[in-house]
Amino acid sequence: MKWDKPTLIMAAMFVAVGLLALTITPVFVDEGMQAFEDEESLLNPLWYMAMIVLLALGILFLIKMGFKNVIRAIIFFVFFMAISYVIYPFMAMYLEGDTSEEWELMDFGDDVVAIQVLDGGVHRDAIAVQYSNGTTVVHNNFGPWGTLPNLDPAGIAGRTAYMDNYRIEAAENVTSWNINHSSIVAVLNVSSASVYDYRPGTGFVLMTADGALYKIDSNLTRDRIVKYSRPIRHVEAVDMWGDDRYEIIVLEGDNVHILYGDGYATDWVVSDILGELEAVDAGAGEWDGDDDTVELFVVADGKVYSIEIFTGSYDMNEVLASPQFIASIIAMTLAIALAGLLWFWPEWYVLDTLGVVIAAGIASLIGISFAPLPAIVLLLGLIVYDAVAVYQSKHMIALADEAVEQHLPLLVVIPKEKGYSYMDQGSIREQIDKGEEREAMFLGLGDLIIPTVLVVSSYRFLDPSTSFLGFGGNLVVALGTMVGILGGFIFLSYQVASGKPQAGLPALNSGALAGFCASAVVVYGSLGFLL
């Protein structure tokens, strides 16, 4: 092996894909682009590997049947969908713009530590505001309405406060509290990182444990809803849309999430706007008298802010004018244009530029869908699959040869000599059989994507509050994983120097796993967080 220009360029591609994937990951997370509801399920990598195997077998069948145009159409459709998914979050973010101006400062004074909407019914007309000195003042649209007995934020055992039909019951280790019409609601700190939010009549309890949010029903069945990288500081069950189906409001670090839909699979990130957030609440009905909106309230820097959320019915004109619809149209238009460019002019520099961007985008989409342990299972499983596909069944070589022959967007190509044209590239298999010197280096997009999945997963799910050399632990482990990938690439380059096709994932994934484990042990002291 020699460190010639093509080898260095390919190494730079791995770095570019990793850094770009880390850069765009927060955008994908904010737009809720993850593929799986439960990112910690070990079934996720099994489903993903099954999809890869089935897709490969399907394409092999079409190759044997001679349906080359069908193969080309399928690959370009997949490429079009991948580009659309990568572009859409950026278009949506740009069109939605900076929403900080939508937050309105509420005149409740300073030193607020918590806020609670009173009356969960349609005519919400009061808000209880708790201050740092323990005083809780109830406000309605006309100003202060009454003062509740002091509630020590640290928890006062046995204290109960009444106001009309509202009752607040505090108990030992109360960390926050809620009020619901004619009911008792208590939020208990049952462990160092757990809270309960029970609303009688709704039939479930919300609990956070080990950073994850669970729903416990009347049969004590615990269902995991979501897990975030930062601590869940508060949860609320609120019928925001007034349809008798409770949404869940989550304060995660400084992010406010609204979880809704079947299984609470839709995660709408509303904030990360006002900086240090201390509390959040929302409710059905409306504060300002507008039947088509409700207000979401947050406490930031001791002050209360509100934002209006539209809950009415959109007509078709409103739908067509919505940022989400416009973002979808722009994303699909750009995807069609780029796929068309590759269809009619599949030169290597076009292929490589789009390949790096798409690889980073797909790695980010997959990485935010797999917690580290499932991501590790995915990498281990694909090590075995890639080795079998290249060295035993050799169908991966057939797929690569077909990709080159039809100039499909499944590879990145690094020319070895000036004047090289990928559009004139012949069969790789024929060159190998004749012992000819190849004019370019080829690397499958999967070799760029799969090891980078662990980079993104580390950054997304590991605890950023653990600092190492002044950087968040999650970022350090992600970069350590990238270093491991480069180590695997160096080993792979020695193998490729033999001139024979090599399975890339055994070396690349092994390097990623080694880099992940080594950096995680250095930063977190062990790999115990995987279990």
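Model, not experiment: these values are computed from the prediction.

J.: Just to check I follow, could you spell out the overall build of the protein chain for this structure?
T.: Counting its regular elements, the protein chain contains 12 helices and 25 strands. Taking all 531 residues of the protein chain together, the buried fraction comes to 50%. By sequence separation, contacts in the protein chain at least 24 residues apart represent 56% of the contacts at least 6 residues apart. For the protein chain, the accessible area works out to roughly 24400 Å², and carbon and sulfur atoms hold 60% of it.

J.: Can you walk me through the packing of helix α1 (residues 5-30) against helix α10 (residues 445-461) in this structure?
T.: Two numbers describe a pair of packed helices, the interaxial angle and the distance between the axes. For the pair α1 and α10, interaxial distance at closest approach is 9 Å and the crossing angle is 45°. As judged from the angle between their axes, α1 and α10 are oblique. As α1 packs across α10, the resulting crossing turns out to be right-handed. Contacts between α1 and α10 involve M13, F14, V17, G18, A21, L22, T25, P26 and V29 from the former and D447, L448, T452, V455, V456, Y459 and R460 from the latter. Here the residues of the contact of α1 with α10 sort into 11 nonpolar, three polar and two charged.

J.: Got a minute to help me understand the pattern of salt bridges in this structure?
T.: When the charged atoms of two side chains lie near each other, side chains of opposite charge can form a pair. Evaluation of the coordinates by the stated rule reveals three salt bridges. Here E402 and K68 are joined by a salt bridge, their closest N and O atoms 3.1 Å apart. Of the two residues, E402 sits in helix α8 (residues 395-405) while K68 sits in helix α3 (residues 68-96), which places them 334 residues apart along the sequence. With a shortest N-O distance of 3.9 Å, E405 and K68 are connected by a salt bridge.

J.: Could you clarify how one ought to interpret the pairing of strand β16 (residues 247-252) in this entry?
T.: In summary, the side chains of a regular strand alternate between the two faces of the sheet. A large share of β16 lies buried, amounting to six of its six residues. Side chains of β16 alternate between two faces, with E247, I249 and L251 and I248, V250 and E252 buried alike. As paired strands, strand β15 (residues 232-238) and β16 are joined by six bridges and run antiparallel to one another. Considered in β16, the bridge of I232 is made with E252. Between β16 and strand β17 (residues 255-260), which pair antiparallel in sequence order, lie two residues; one of them, G253, sits at a positive phi of approximately 60°.

J.: I keep staring at the packing of helix α6 (residues 348-367) against α10 and nothing clicks. Help me out?
T.: Contact geometry of α6 with α10 gives a least axis separation of 7 Å together with a crossing angle of 45°. Considering the angle they form, α6 stands oblique to α10. In this structure, the crossing between α6 and α10 has a hand that is right-handed. Where α6 approaches α10, its residues G355, A359, I362, A363, S364, I366 and G367 are matched on the opposing element by L445, L448, I449, T452, V453, V456, S457 and F461.

J.: Even after reading the chapter, I still don't get the packing of aromatic side chains, so can you show me in this structure?
T.: We describe a pair of aromatic rings using the distance from one ring centre to the other and the angle between the two ring planes. Taken as a whole, this structure holds seven aromatic pairs when the rule is applied. On the numbers, 6.2 Å between centres and 85° between planes, the contact of Y48 with F370 is edge-to-face. With Y48 in helix α2 (residues 43-65) and F370 in the loop between α6 and α7 (372-392), the pair connects residues that are 322 residues apart, well separated along the chain. Here Y48 matches F370 in class, with each residue buried. The interplanar angle of 80° and the centroid separation of 5.5 Å between the aromatic rings of W348 and Y349 together place this pair among those described as edge-to-face.

J.: Would you mind going over the side chain of N474 with me for this structure?
T.: Along the chain, the position of N474 falls in helix α11 (residues 473-496). For N474, a relative accessible area of 8% corresponds to the buried category. The contact partners of N474, leaving out residues within four places of it in the chain, are S458, Y459, L462, D463, P464 and Y524.

J.: What is the right way to look at the sheet that holds strand β18 (residues 266-269) in this model?
T.: Within a sheet, adjacent strands bond to each other through the backbone by hydrogen bonds, running parallel or antiparallel. The antiparallel open sheet is built from four strands, whose spatial order is β15-β16-β17-β18. Single-partner strands in this sheet number two, and they are β15 and β18. Taking each pair of neighbouring strands and ignoring which way they run, the sheet shows an average axis angle of 20°.

J.: Looking at this structure, I do not really get α6. What am I missing?
T.: At 3.6 residues per turn, the α-helix brings residues three or four places apart onto the same side. With 20 residues, α6 ought to run about 28 Å at 1.5 Å a step, and its terminal C-alpha atoms sit 27 Å apart, in line with that. Burial runs high along α6: 15 of the 20 residues are buried.

Calculation criteria
- Residues numbered from 1 in each chain as written.
- Predicted model: local features only at pLDDT ≥ 70, side-chain atom pairs only at ≥ 80, totals over all residues.
- Heavy atoms only, no water.
- Helix = DSSP H or I, 4+ residues; strand = E, 2+ residues; numbered from the N terminus.
- Buried < 20%, exposed > 50% of the residue type's maximum accessible area, 1.4 Å probe, protein only.
- Contact = heavy atoms within 4.5 Å.
- Areas by Shrake-Rupley, 256 points an atom, 1.4 Å probe, with all protein chains shown as cover.
- Axes fitted to C-alpha atoms, helices over the stretch in contact; angles between N-to-C directions.
- Parallel < 35°, antiparallel > 145°, perpendicular 65-115°, else oblique.
- Left-handed = near helix turned anticlockwise from the far one by under 90°.
- Nonpolar A, V, L, I, M, F, W, Y, C, P; charged D, E, K, R; others polar.
- Salt bridge = Lys/Arg side-chain N within 4 Å of Asp/Glu carboxyl O.
- Pairing = 2+ DSSP bridges.
- Phe/Tyr/Trp six-rings, centres within 6.5 Å; stacked < 30°, edge-to-face > 60°.
- Expected span 1.5 Å × (residues − 1).

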